[in-house]
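# Overview (structure and organization)
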2 protein chains.
Amino acid sequence: MGRLSELDKIKSCPSTYVLAINDTMNVLNGKWKLPIMAALGFGKKRFRELERDIPNITPRMLSKELKDLEANGVLKRTVHDSIPVVVEYELTKSGASLEAVMDVMIEWGLQHRKTFIGKY
Amino acid sequence: MGRLSELDKIKSCPSTYVLAINDTMNVLNGKWKLPIMAALGFGKKRFRELERDIPNITPRMLSKELKDLEANGVLKRTVHDSIPVVVEYELTKSGASLEAVMDVMIEWGLQHRKTFIGKY
DNA sequence: TATAGTGCTATACTTTAGTATAGTGGTTAC
DNA sequence: GTAACCACTATACTAAAGTATAGCACTATA
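All residue numbers refer to position in the chain's written sequence, counted from 1. Chains carry letters and ligands carry numbers; both start at the beginning, A for chains and 1 for ligands, and go up in the order they are written. The predicted nature of this model means local features are confined to residues of pLDDT at least 70 and side-chain atom pairs, given and counted, to a pLDDT of 80 or more, with totals for whole chains, interfaces and linings taken over all residues. To obtain the side-chain values, all non-hydrogen atoms of the structure were used and water was disregarded.

### Here we look at the pattern of salt bridges
Salt bridge criterion: a side-chain nitrogen from Lys or Arg within 4 Å of a carboxyl oxygen from Asp or Glu. Enumeration according to the criterion identifies 20 salt bridges over all chains in this entry. Here A:Lys11 and B:Glu99 are joined by a salt bridge, their closest N and O atoms 2.7 Å apart. Taken together, the positions of A:Lys11 in helix α1 (residues 2-11) and B:Glu99 in helix α6 (residues 93-119) put the pair across two chains. Only protein chains enter the calculation, and the probe is 1.4 Å; a residue is then buried if its accessible area is under 20% of its type maximum, exposed if over 50%, and partly exposed in between. A relative accessible area of 18% means that A:Lys11 is categorised as buried. The residue B:Glu65 makes a salt bridge to B:Lys64 at a minimum N-O spacing of 3.3 Å. We classify B:Glu65 as buried; its relative accessible area is 3%. Three or more residues are tied together by salt bridges with common partners; here these are A:Lys33, A:Lys64, A:Glu65 and A:Asp68. Each helix corresponds to a stretch of at least 4 residues labelled H or I by DSSP, and each strand to a stretch of at least 2 residues labelled E; elements are numbered beginning at the N terminus.

Structure (C-alpha coordinates):
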(Lines give C-alpha, C1' and ligand atoms only; values in the text may rest on other atoms or scores of the structure.)
Protein backbone atom coordinates (compact mmCIF):
# COMPACT_ATOMS: atom_id res chain seq x y z
CA MET A 1 0.00 0.00 0.00
CA GLY A 2 2.61 2.52 1.12
CA ARG A 3 4.69 1.42 -1.84
CA LEU A 4 1.91 1.74 -4.34
CA SER A 5 0.87 5.16 -3.19
CA GLU A 6 4.49 6.31 -3.28
CA LEU A 7 4.71 5.25 -6.92
CA ASP A 8 1.41 6.98 -7.62
CA LYS A 9 2.66 10.15 -6.01
CA ILE A 10 5.76 10.15 -8.17
CA LYS A 11 3.77 9.36 -11.28
CA SER A 12 1.66 12.43 -10.79
CA CYS A 13 4.77 14.50 -11.51
CA PRO A 14 6.18 13.72 -14.98
CA SER A 15 9.39 15.69 -14.59
CA THR A 16 10.29 13.57 -11.56
CA TYR A 17 9.44 10.17 -12.94
CA VAL A 18 10.94 10.92 -16.33
CA LEU A 19 14.18 11.48 -14.42
CA ALA A 20 13.90 8.14 -12.65
CA ILE A 21 13.18 6.32 -15.91
CA ASN A 22 16.11 8.10 -17.54
CA ASP A 23 18.36 6.96 -14.71
CA THR A 24 17.38 3.41 -15.54
CA MET A 25 17.64 3.81 -19.30
CA ASN A 26 20.99 5.58 -19.16
CA VAL A 27 22.51 2.59 -17.40
CA LEU A 28 21.66 0.47 -20.45
CA ASN A 29 22.08 3.10 -23.12
CA GLY A 30 24.03 2.60 -26.30
CA LYS A 31 24.72 -0.32 -28.55
CA TRP A 32 26.85 -2.45 -26.26
CA LYS A 33 25.77 -2.16 -22.62
CA LEU A 34 22.94 -4.62 -22.89
CA PRO A 35 25.05 -7.35 -24.55
CA ILE A 36 27.69 -6.82 -21.88
CA MET A 37 25.17 -7.10 -19.06
CA ALA A 38 23.69 -10.17 -20.72
CA ALA A 39 27.12 -11.79 -20.99
CA LEU A 40 27.76 -11.11 -17.32
CA GLY A 41 24.37 -12.50 -16.35
CA PHE A 42 25.93 -15.95 -16.35
CA GLY A 43 28.74 -15.01 -13.98
CA LYS A 44 32.07 -13.22 -13.85
CA LYS A 45 34.13 -12.88 -16.98
CA ARG A 46 37.49 -11.53 -18.07
CA PHE A 47 38.07 -8.78 -20.62
CA ARG A 48 39.11 -11.03 -23.46
CA GLU A 49 36.29 -13.43 -22.70
CA LEU A 50 33.76 -10.64 -23.07
CA GLU A 51 35.47 -9.50 -26.25
CA ARG A 52 35.06 -12.98 -27.70
CA ASP A 53 31.51 -13.50 -26.42
CA ILE A 54 30.16 -10.25 -27.84
CA PRO A 55 30.36 -10.35 -31.64
CA ASN A 56 31.93 -7.34 -33.37
CA ILE A 57 32.67 -5.30 -30.26
CA THR A 58 36.03 -3.49 -30.39
CA PRO A 59 38.30 -3.36 -27.35
CA ARG A 60 37.88 0.41 -27.36
CA MET A 61 34.11 0.19 -26.95
CA LEU A 62 34.28 -2.70 -24.51
CA SER A 63 36.70 -0.78 -22.34
CA LYS A 64 34.62 2.39 -22.49
CA GLU A 65 31.33 0.68 -21.75
CA LEU A 66 32.77 -1.36 -18.90
CA LYS A 67 33.97 1.88 -17.34
CA ASP A 68 30.53 3.45 -17.76
CA LEU A 69 28.79 0.46 -16.23
CA GLU A 70 31.24 0.42 -13.34
CA ALA A 71 30.75 4.15 -12.78
CA ASN A 72 27.01 3.50 -12.67
CA GLY A 73 27.53 0.90 -9.97
CA VAL A 74 26.07 -2.04 -11.87
CA LEU A 75 29.30 -3.94 -12.31
CA LYS A 76 32.50 -4.41 -10.42
CA ARG A 77 36.04 -4.72 -11.78
CA THR A 78 38.44 -6.86 -9.81
CA VAL A 79 42.17 -7.04 -10.43
CA HIS A 80 43.67 -10.16 -8.91
CA ASP A 81 47.27 -9.46 -8.02
CA SER A 82 48.51 -12.68 -9.43
CA ILE A 83 51.29 -12.75 -12.00
CA PRO A 84 50.19 -12.18 -14.64
CA VAL A 85 47.30 -10.03 -13.51
CA VAL A 86 43.83 -11.35 -14.06
CA VAL A 87 41.01 -8.84 -14.41
CA GLU A 88 37.46 -9.95 -13.79
CA TYR A 89 34.14 -8.22 -14.27
CA GLU A 90 30.91 -9.15 -12.50
CA LEU A 91 27.49 -7.70 -11.79
CA THR A 92 26.93 -5.90 -8.51
CA LYS A 93 23.78 -6.46 -6.49
CA SER A 94 22.35 -3.40 -8.20
CA GLY A 95 23.31 -4.81 -11.58
CA ALA A 96 21.73 -8.15 -10.83
CA SER A 97 18.54 -6.43 -9.71
CA LEU A 98 18.28 -4.96 -13.18
CA GLU A 99 17.24 -8.41 -14.31
CA ALA A 100 13.73 -7.80 -13.01
CA VAL A 101 13.52 -4.68 -15.18
CA MET A 102 14.86 -6.59 -18.16
CA ASP A 103 12.26 -9.30 -17.63
CA VAL A 104 9.35 -6.91 -18.09
CA MET A 105 11.14 -5.39 -21.08
CA ILE A 106 11.45 -8.85 -22.60
CA GLU A 107 7.76 -9.51 -22.08
CA TRP A 108 6.67 -6.18 -23.49
CA GLY A 109 9.07 -6.51 -26.42
CA LEU A 110 7.76 -9.95 -27.33
CA GLN A 111 4.13 -8.94 -26.94
CA HIS A 112 4.68 -5.80 -28.95
CA ARG A 113 6.36 -7.65 -31.76
CA LYS A 114 3.43 -10.09 -31.90
CA THR A 115 0.68 -7.47 -32.12
CA PHE A 116 2.84 -5.36 -34.37
CA ILE A 117 3.69 -7.94 -36.98
CA GLY A 118 0.03 -8.92 -37.02
CA LYS A 119 -0.95 -5.41 -38.00
CA TYR A 120 1.70 -4.46 -40.55
CA MET B 1 3.67 -21.48 -14.96
CA GLY B 2 3.62 -21.82 -18.73
CA ARG B 3 4.38 -18.13 -18.85
CA LEU B 4 7.26 -18.29 -16.45
CA SER B 5 8.91 -21.18 -18.21
CA GLU B 6 8.51 -19.40 -21.53
CA LEU B 7 10.38 -16.43 -20.14
CA ASP B 8 13.02 -18.74 -18.71
CA LYS B 9 13.41 -20.44 -22.06
CA ILE B 10 13.97 -17.10 -23.77
CA LYS B 11 16.34 -15.95 -21.08
CA SER B 12 18.59 -18.92 -21.65
CA CYS B 13 19.39 -17.44 -25.07
CA PRO B 14 20.94 -13.98 -24.75
CA SER B 15 20.85 -13.13 -28.45
CA THR B 16 17.08 -13.63 -28.43
CA TYR B 17 16.24 -11.75 -25.30
CA VAL B 18 18.64 -8.93 -26.03
CA LEU B 19 16.58 -8.44 -29.20
CA ALA B 20 13.33 -8.30 -27.24
CA ILE B 21 14.79 -5.81 -24.77
CA ASN B 22 16.12 -3.73 -27.64
CA ASP B 23 12.66 -3.69 -29.21
CA THR B 24 11.37 -2.19 -25.99
CA MET B 25 14.23 0.27 -25.54
CA ASN B 26 14.14 1.46 -29.15
CA VAL B 27 10.55 2.56 -28.70
CA LEU B 28 11.69 4.97 -25.97
CA ASN B 29 15.11 5.80 -27.36
CA GLY B 30 16.45 9.31 -27.66
CA LYS B 31 16.09 12.48 -25.71
CA TRP B 32 12.44 13.27 -26.39
CA LYS B 33 10.35 10.08 -26.68
CA LEU B 34 9.94 9.60 -22.96
CA PRO B 35 8.81 13.20 -22.29
CA ILE B 36 6.35 12.86 -25.17
CA MET B 37 4.95 9.59 -23.84
CA ALA B 38 4.73 11.11 -20.39
CA ALA B 39 2.85 14.13 -21.71
CA LEU B 40 0.40 11.84 -23.49
CA GLY B 41 -0.06 9.72 -20.39
CA PHE B 42 -2.68 12.19 -19.22
CA GLY B 43 -4.71 12.00 -22.42
CA LYS B 44 -4.77 13.20 -26.02
CA LYS B 45 -2.96 16.36 -26.96
CA ARG B 46 -2.42 18.57 -29.97
CA PHE B 47 0.91 19.33 -31.59
CA ARG B 48 1.26 22.84 -30.17
CA GLU B 49 0.15 21.65 -26.75
CA LEU B 50 2.94 19.08 -26.71
CA GLU B 51 5.39 21.70 -27.92
CA ARG B 52 4.45 23.93 -24.99
CA ASP B 53 4.33 21.12 -22.42
CA ILE B 54 7.79 19.78 -23.26
CA PRO B 55 10.42 22.41 -22.43
CA ASN B 56 12.99 23.16 -25.13
CA ILE B 57 11.76 20.73 -27.73
CA THR B 58 11.91 22.08 -31.27
CA PRO B 59 9.04 21.47 -33.70
CA ARG B 60 11.47 19.54 -35.88
CA MET B 61 12.25 17.04 -33.14
CA LEU B 62 8.67 16.84 -31.94
CA SER B 63 7.50 16.09 -35.46
CA LYS B 64 10.21 13.48 -36.02
CA GLU B 65 9.68 11.71 -32.72
CA LEU B 66 5.91 11.67 -33.08
CA LYS B 67 6.38 9.96 -36.44
CA ASP B 68 8.75 7.41 -34.91
CA LEU B 69 6.37 6.66 -32.07
CA GLU B 70 3.46 6.33 -34.49
CA ALA B 71 5.50 4.02 -36.71
CA ASN B 72 6.22 1.92 -33.63
CA GLY B 73 2.52 1.64 -32.94
CA VAL B 74 2.55 3.26 -29.52
CA LEU B 75 0.68 6.39 -30.48
CA LYS B 76 -2.01 7.38 -32.92
CA ARG B 77 -2.37 10.58 -34.92
CA THR B 78 -5.87 11.74 -35.70
CA VAL B 79 -6.73 14.55 -38.08
CA HIS B 80 -10.20 15.88 -37.43
CA ASP B 81 -11.61 17.28 -40.66
CA SER B 82 -12.95 20.38 -39.06
CA ILE B 83 -12.05 23.82 -40.34
CA PRO B 84 -9.41 24.58 -39.34
CA VAL B 85 -8.01 21.07 -39.02
CA VAL B 86 -7.25 19.83 -35.54
CA VAL B 87 -4.56 17.19 -35.12
CA GLU B 88 -4.54 15.06 -32.00
CA TYR B 89 -2.07 12.56 -30.68
CA GLU B 90 -2.89 9.82 -28.17
CA LEU B 91 -1.42 6.60 -26.86
CA THR B 92 -2.52 3.32 -28.41
CA LYS B 93 -3.31 0.29 -26.27
CA SER B 94 0.26 -0.85 -26.84
CA GLY B 95 1.54 2.56 -25.81
CA ALA B 96 -0.55 2.58 -22.67
CA SER B 97 0.73 -0.90 -21.79
CA LEU B 98 4.22 0.56 -21.73
CA GLU B 99 3.24 2.17 -18.46
CA ALA B 100 3.81 -1.11 -16.65
CA VAL B 101 7.35 -1.20 -18.01
CA MET B 102 7.92 2.40 -17.03
CA ASP B 103 6.69 1.65 -13.52
CA VAL B 104 9.41 -0.89 -12.86
CA MET B 105 11.94 1.48 -14.43
CA ILE B 106 10.80 4.21 -12.03
CA GLU B 107 11.19 1.87 -9.07
CA TRP B 108 14.63 0.66 -10.13
CA GLY B 109 15.75 4.19 -10.94
CA LEU B 110 14.70 5.50 -7.54
CA GLN B 111 16.19 2.57 -5.67
CA HIS B 112 19.41 2.82 -7.65
CA ARG B 113 19.74 6.53 -6.97
CA LYS B 114 19.27 5.90 -3.24
CA THR B 115 21.94 3.22 -2.88
CA PHE B 116 24.17 5.09 -5.30
CA ILE B 117 24.18 8.44 -3.57
CA GLY B 118 24.76 6.64 -0.30
CA LYS B 119 27.95 5.14 -1.66
CA TYR B 120 29.55 8.02 -3.52
C1' DT C 1 -5.63 43.93 -44.25
C1' DA C 2 -2.20 43.24 -40.64
C1' DT C 3 -1.26 40.11 -36.75
C1' DA C 4 -1.25 35.91 -34.60
C1' DG C 5 -2.05 30.98 -34.06
C1' DT C 6 -1.82 25.87 -35.91
C1' DG C 7 0.85 22.09 -37.71
C1' DC C 8 4.22 21.41 -39.52
C1' DT C 9 8.92 21.19 -43.23
C1' DA C 10 13.71 22.71 -45.00
C1' DT C 11 18.44 23.74 -44.61
C1' DA C 12 22.53 24.07 -42.29
C1' DC C 13 25.04 23.13 -38.58
C1' DT C 14 27.16 20.98 -34.06
C1' DT C 15 27.65 17.42 -30.90
C1' DT C 16 27.71 12.68 -29.51
C1' DA C 17 28.17 7.81 -30.51
C1' DG C 18 30.44 4.34 -32.71
C1' DT C 19 34.20 2.29 -35.99
C1' DA C 20 38.81 1.22 -37.88
C1' DT C 21 43.33 0.43 -37.14
C1' DA C 22 47.39 0.38 -34.81
C1' DG C 23 50.17 0.00 -30.81
C1' DT C 24 51.80 -0.49 -25.63
C1' DG C 25 53.70 -3.01 -21.65
C1' DG C 26 53.58 -6.92 -19.45
C1' DT C 27 53.70 -12.49 -19.37
C1' DT C 28 54.20 -17.18 -20.86
C1' DA C 29 55.15 -20.99 -24.06
C1' DC C 30 58.11 -22.86 -27.57
C1' DG D 1 64.40 -14.77 -28.64
C1' DT D 2 60.37 -14.61 -31.04
C1' DA D 3 55.66 -15.52 -31.30
C1' DA D 4 51.45 -15.19 -28.91
C1' DC D 5 48.16 -14.03 -25.27
C1' DC D 6 46.30 -10.49 -21.87
C1' DA D 7 44.23 -6.02 -20.83
C1' DC D 8 43.94 -2.44 -22.51
C1' DT D 9 45.01 2.89 -24.83
C1' DA D 10 45.73 6.35 -28.81
C1' DT D 11 44.57 8.52 -32.95
C1' DA D 12 41.77 9.37 -36.64
C1' DC D 13 37.77 8.88 -38.77
C1' DT D 14 32.43 8.19 -40.06
C1' DA D 15 27.70 8.13 -38.86
C1' DA D 16 23.84 9.19 -36.14
C1' DA D 17 21.43 12.25 -33.12
C1' DG D 18 20.19 16.66 -31.91
C1' DT D 19 20.04 22.02 -32.45
C1' DA D 20 19.25 26.60 -34.57
C1' DT D 21 16.83 29.31 -37.46
C1' DA D 22 13.76 30.26 -40.90
C1' DG D 23 9.74 29.67 -43.40
C1' DC D 24 5.19 27.77 -45.49
C1' DA D 25 0.11 27.10 -46.11
C1' DC D 26 -3.70 27.61 -43.78
C1' DT D 27 -7.29 29.91 -40.55
C1' DA D 28 -9.00 33.30 -37.10
C1' DT D 29 -9.29 37.66 -34.97
C1' DA D 30 -9.14 42.68 -34.71
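From this point on, the discussion continues.
### A closer look at the relation of the copies chain B and chain A
In this comparison the copies share one frame, found by least squares on the C-alpha atoms of residues holding pLDDT of at least 70 in both. For the pair chain B and chain A, the best superposition has an RMSD of 0.1 Å and corresponds to a rotation of 180° with a translation of 0.0 Å parallel to the axis. Given the turn and translation reported, the copies of this chain are related as if by a two-fold rotation axis. Residue contacts are defined here by distance: any two heavy atoms, one from each residue, within 4.5 Å place the two residues in contact. In this assembly the copies share their binding face: 100% of the residues contributing to the interface of chain B also contribute to that of chain A.

### Comments concerning the sheet that holds strand β3 (residues 86-91) of chain B
All names here are of chain B. Pairs of strands are assigned from DSSP output, requiring at least two bridges between the strands. With antiparallel pairing, 3 strands are arranged side by side in an open sheet as β1-β3-β2. Looking along the sheet, the strands with just one partner apiece sit at the ends: β1 (45-46) and β2 (75-80). For β2 and β3, the ladder comprises 6 bridges, and the chain directions are antiparallel. In the sheet register, Lys 76 faces β3, and the bridge partner there is Glu 90. Axis geometry follows a simple rule: fit a line to the C-alpha atoms, using only the stretch in contact for helices, then measure angles between N-to-C directions, giving values from 0 to 180 degrees. Relative to β3, helix α3 (residues 33-40) is tilted by about 95°, and along the sheet it contacts β1, β2 and β3.

### Some points on the protein's contact with DNA strand D
One heavy atom suffices: a residue is near a molecule or strand as soon as one of its heavy atoms comes within 4 Å of it. Around DNA strand D lies a shell of 18 residues, among which A:Arg46, A:Ser63, A:Arg77, A:Tyr89 and B:Lys31 are the nearest. Polar contact is defined as a pair of N or O atoms within 3.5 Å, subject to the rule that within protein one atom must be able to donate a hydrogen and the other to accept it, and that residues adjacent in sequence are counted only when both atoms are side-chain atoms. At 3.0 Å, a side-chain N or O of B:Trp32 approaches a phosphate oxygen of DNA strand D. Only α4 (47-53), α5 (59-71) and β3 (86-91) of chain A together with α5 (59-71) of chain B provide two or more residues apiece to the surface near DNA strand D. Per element, the largest residue contribution to the surface near DNA strand D is 4 residues, and it comes from α5(A). The residue makeup of the surface near DNA strand D, split by class, is 8 nonpolar, 2 polar and 8 charged. Put simply, Ala, Val, Leu, Ile, Met, Phe, Trp, Tyr, Cys and Pro go in the nonpolar bin, Asp, Glu, Lys and Arg in the charged bin, and everything else, Gly too, in the polar bin.

### Some words on the packing of helix α3 (residues 33-40) of chain A against α5(A)
Residues and elements named next belong to chain A. Their axes nearest at 10 Å, the elements α3 and α5 cross at an angle of 75°. With respect to their mutual orientation, α3 and α5 come out roughly perpendicular. Between α3, through Lys 33, Ile 36 and Met 37, and α5, the contact on the second element is made entirely by Leu 62, Glu 65, Leu 66, Asp 68 and Leu 69. Our angle categories are set so that under 35 degrees counts as roughly parallel, over 145 as roughly antiparallel, 65 to 115 as roughly perpendicular, and the remainder as oblique.

### Here we look at the protein's contact with DNA strand C
Every one of the 19 residues lining DNA strand C counts as a neighbour, but A:Lys31, A:Ile83, A:Pro84, B:Ser63 and B:Arg77 are closest to it. Of all DNA strand C atoms lying within 4 Å of any protein atom, the proportion belonging to sugar or phosphate reaches 73%. In this structure, A:Trp32 approaches DNA strand C through a side-chain N or O atom, which is 3.0 Å from a phosphate oxygen. Its residues placed into classes, the surface near DNA strand C shows 9 nonpolar, 2 polar and 8 charged.

### Some words on α5(A)
All names here are of chain A. Working rule for helices: expected span equals 1.5 Å times residues minus one. Compared with the 18 Å implied by 1.5 Å per residue over 13 residues, the 18 Å span of α5 between its first and last C-alpha is a close match. Where the residues of α5 are buried, they touch α2 (14-27), α3, α4, β2 (75-80) and β3. With its phi angle positive at about 75°, Gly 73 sits one or two positions after the end of α5.

### Re the interface of chain B and chain A
Listed as interface residues are 41 residues of chain B and, on the opposing side, 41 residues of chain A. In this assembly, chain B packs against chain A so that about 4100 Å² is buried in total across both faces, 69% of it on carbon and sulfur atoms. Scanning the region where chain B abuts chain A turns up 6 salt bridges. The partner of B:Lys11 in a salt bridge is A:Asp103, and the shortest N-O contact between them spans 2.7 Å. The interface formed by chain B and chain A includes 15 residue pairs in polar contact (both at pLDDT 80 or more). Elements with a contribution of two residues or more to the side of chain B that touches chain A: α1 (2-11), α2 (14-27), α3 and α6 of chain B. With 17 residues, the single largest contributor to the side of chain B that touches chain A is α6(B). Of the residues assigned to the side of chain B that touches chain A, the class counts are 24 nonpolar, 10 polar and 7 charged. Buried area is a sum: the accessible area each of two parts loses on coming together, probed at 1.4 Å, counted once for each and added.

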